[in-house]
Amino acid sequence: MNLILLGPPGAGKGTQAKRLEDIYGIVQLSTGDMLRAEVGSGSDLGKQAKGIMESGGLVPDDLIINMISGRIDQDDCKNGFILDGFPRTVPQADALGAMLSDKGLKIDYVIAIEADSDAVVTRITGRYTCSSCGAGYHDEFQKPEQDGVCDKCGSTDFTRRADDNAETVRNRLAAYEEQTAPIIAYYGEKGTLKTVDGMADIDVVTAKLKELIG
Ligand code: AMP
């Protein structure tokens, strides 16, 4: 089973994708995570993407399409995958359709997680993760039980994404409205789109996704 999760930054795509990975035994493919790994490794792609990501813009379509095509070919995608953060432009959506049909694959569900922009700014600017196990926290909504200590692994080392500051978030939301939101209509016209309310509690959103996927 192959899914696309759509929605603005901070809608909860990553959080829900991780839960769906466990529930359905399929793999989360986050183009943002892949690009951050490229930036971290100092690869050519990482060097090209770094400044664009820091400003909140979108990395050129051809670079992204090549990256995701190679990733889908890997063994762990055999049972299926959840696209998180891709496609993000109409040309990416077109390229995905062509790429999957070449590979003899298809998308089973396209689900848009809806969230309002004021709420996503608060969600994004307050979020951070444990550097050791990746558990997610929030300054306001999800503090660790003991201040500064990860609930899951006990680490005291946490990180915030470089692009989770207020100014970059505004640019990321503008990029979403201009370039990504049109994809919702794109899949709507194809008749494959479903929506969930991303403002609901995390568990409620997961339950709704399970209901839609069946
Ligand atoms: P994300 O982790 O999905 O919020 O992505 C972080 C950043 O990576 C975005 O603000 C973009 O600069 C870049 N990025 C991630 N996915 C894509 C994509 N599909 N197309 C273009 N740029 C992307």
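Residues numbered from 1 in each chain as written. Predicted model: local features only at pLDDT ≥ 70, side-chain atom pairs only at ≥ 80, totals over all residues. Heavy atoms only, no water.

## Some points on the overall build of the protein
Move 1: Counting its regular elements, the protein contains nine helices and eight strands.
Move 2: Taking 2.2 N^0.38 as the reference for a compact globule, 214 residues should give roughly 17 Å; the C-alpha atoms of the protein span a radius of gyration of 17 Å, in line with that estimate.
Move 3: Overall size of the protein, expressed as C-alpha extent along the three principal axes, is 50 × 40 × 35 Å.
Move 4: A buried classification covers 43% of the 214 residues belonging to the protein. (Helix = DSSP H or I, 4+ residues; strand = E, 2+ residues; numbered from the N terminus. Rg over C-alpha atoms; globule rule 2.2 N^0.38 Å. Buried < 20%, exposed > 50% of the residue type's maximum accessible area, 1.4 Å probe, protein only.)

## Some remarks on the nonpolar core
Among soluble globular proteins, nonpolar side chains are generally buried collectively.
Move 1: Leu29, Leu35, Ile68, Phe81, Leu83, Leu96 and Tyr187 are the most contacted members of the largest nonpolar core, which has 30 residues in total.
Move 2: Counting residues per element, this core draws most heavily on helix H4 (residues 61-72), at six residues.
Move 3: Each residue touching Leu35, except ones within four places of it in the same chain, is listed here: Leu45, Ala49, Met53, Val59, Ile64 and Met67.
Move 4: In this structure, Leu3, Leu5, Ile26 and Val196 belong to the second largest nonpolar core, which totals 18 residues. (Core = buried A, V, L, I, M, F, W, Y, C linked by side-chain atoms within 4.5 Å. Contact = heavy atoms within 4.5 Å.)

## Quick notes on the site of the ligand
Move 1: Taken together, 16 residues lie around the ligand, and Thr31, Arg36, Gly57, Gly85 and Gln92 are the ones closest in.
Move 2: Side-chain polar atom of Thr31 to a nitrogen atom of the ligand: 2.8 Å apart, as the coordinates give it.
Move 3: Measuring from an oxygen atom of the ligand, one finds a side-chain N or O atom of Arg172 at 3.4 Å.
Move 4: With the chains in place, 96% of the 480 Å² that the ligand exposes on its own is no longer accessible. (Near = heavy atom within 4 Å. Polar contact = N/O pair within 3.5 Å; in protein donor to acceptor, adjacent residues only side chain to side chain. Areas by Shrake-Rupley, 256 points an atom, 1.4 Å probe, with all protein chains shown as cover.)

## Examining the sheet that holds strand E6 (residues 136-138)
Move 1: Taken in spatial order, the three strands make up an open sheet running E6-E5-E7, and their pairing is antiparallel. Single-partner strands in this sheet number two, and they are E6 and strand E7 (158-159).
Move 2: Here three bridges tie strand E5 (residues 127-130) to E6, and the two strands are oriented antiparallel to one another. Looking at the pairing, Arg127 lines up with His138 of E6. (Pairing = 2+ DSSP bridges.)

## Examining the packing of aromatic side chains
Move 1: Applying the stated rule across the entire model yields four aromatic pairs.
Move 2: A centroid spacing of 5.5 Å and a plane angle of 85° characterise the contact between Tyr128 and Phe158, whose relative ring orientation is edge-to-face. Placement of the pair is Tyr128 in strand E5 and Phe158 in strand E7, with a sequence separation of 30 residues.
Move 3: With 5.0 Å between their ring centres and 80° between their planes, Tyr186 and Tyr187 make a pair best called edge-to-face. Tyr187 matches Tyr186 in its accessibility class, with the two residues each being buried. (Phe/Tyr/Trp six-rings, centres within 6.5 Å; stacked < 30°, edge-to-face > 60°.)

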